[in-house]
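# Coordinate inspection notes
Chain residues, written in single-letter form:
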Amino acid sequence: MPSTADNPSVPETRTCPLCDAPLDPAQPNECPNCDWVLGYRRRSQPRNNTRDIIAVFLSVVPGLGHMYKGYRMTGALYLLGSLFALIAIVVAATFTAGWALLLAPFYWAGVMLQVYWLEDKGVKQQPVA
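One structure accompanies this document, and this report is about it. Note that the structure is predicted; figures quoted are calculated from it, not measured.

### A closer look at unusual backbone geometry
The phi dihedral of aspartate 20 is positive, around 65 degrees, even though this residue is not glycine. A residue is classified by how much of its surface remains accessible, and aspartate 20, at 57% relative accessible area, is exposed. Here alanine 97, not a glycine, exhibits a phi torsion of approximately 60 degrees, which is positive. You can see alanine 97 is positioned in the loop between α3 (72-95) and α4 (103-117).

### Some thoughts on the nonpolar core
Counting five residues, the largest nonpolar core is built from Cys16, Ala21, Leu23, Cys31 and Trp36. The contacts of leucine 23, once residues within four sequence positions are left out, are Arg14, Thr15, Cys16, Pro28, Glu30, Cys31 and Trp36.

### Considering the environment of isoleucine 89
You can see isoleucine 89 is positioned in helix α3. Residues isoleucine 89 and leucine 103 lie 14 residues apart in sequence; the distance between their C-alpha atoms is 7.0 Å. Apart from the residues within four sequence positions on either side, isoleucine 89 is in contact with Ala100, Leu101, Leu103 and Ala104.

### Some thoughts on the pattern of salt bridges
One pass over the structure, following the stated rule, counts two salt bridges. Between aspartate 120 and arginine 51 there is a salt bridge, with the nearest N and O atoms lying 2.5 Å from each other. Here arginine 51 lies in helix α1 (residues 49-58) and aspartate 120 lies in the segment after α4, a separation of 69 residues in the sequence. The burial state of aspartate 120 is the same as that of arginine 51; both residues are buried. A salt bridge links aspartate 52 to lysine 69, with the nearest nitrogen and oxygen atoms 2.6 Å apart. With aspartate 52 in helix α1 and lysine 69 in the loop between α2 (64-68) and α3, the pair connects residues that are 17 residues apart, well separated along the chain. Taking the relative accessible area as the measure of exposure, lysine 69 reaches 0% and is therefore buried.

### Digging into α3
With 24 residues, α3 extends 35 Å from end C-alpha to end C-alpha; this agrees with the ideal 34 Å at 1.5 Å per step. The complete set of buried residues in α3 reads Gly75, Ser82, Ala85, Ile89 and Ala93. On its buried side, α3 packs onto α2 and α4. Where α3 ends, the next residue or the one after it, alanine 97, has phi of about 60 degrees, a positive value.

### Some remarks on the environment of tryptophan 117
Of note, tryptophan 117 is situated in helix α4. Looking at tryptophan 117, the relative accessible area reads 53%, which means it is exposed. For tryptophan 117 and aspartate 52, which are 65 residues apart along the polypeptide, the C-alpha to C-alpha distance reads 7.8 Å.

The rules we used
- Residues numbered from 1 in each chain as written.
- Predicted model: local features only at pLDDT ≥ 70, side-chain atom pairs only at ≥ 80, totals over all residues.
- Heavy atoms only, no water.
- Buried < 20%, exposed > 50% of the residue type's maximum accessible area, 1.4 Å probe, protein only.
- Helix = DSSP H or I, 4+ residues; strand = E, 2+ residues; numbered from the N terminus.
- Core = buried A, V, L, I, M, F, W, Y, C linked by side-chain atoms within 4.5 Å.
- Contact = heavy atoms within 4.5 Å.
- Salt bridge = Lys/Arg side-chain N within 4 Å of Asp/Glu carboxyl O.
- Expected span 1.5 Å × (residues − 1).

Below, the structure written as structure tokens:
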């Protein structure tokens, strides 16, 4: 039996790297079975920088930026968690002569960076033509 390398008219059958299901030759970069997509982490859509920057500024109060981007439960957890984080920082500051207060800016910066890179659920983005 001739191989597909000998006969270029026969399409090569590829399988999904996650579930081993055969991939559609028309769309070999997407799996219809398990929703695997080649290069998922690379954004194919342009970033909406205005919404990202607004979300970062709203994250001065941790959780508001997440809520703005459509992640309400995550935002509520960040809002509640920030209270516990600040209490823990204050308690740690009493034992470290105040040096633990330097942890608060790192916490805020982490929340702001995370909300900046988070996909926006609040707005449907148009596919790139």
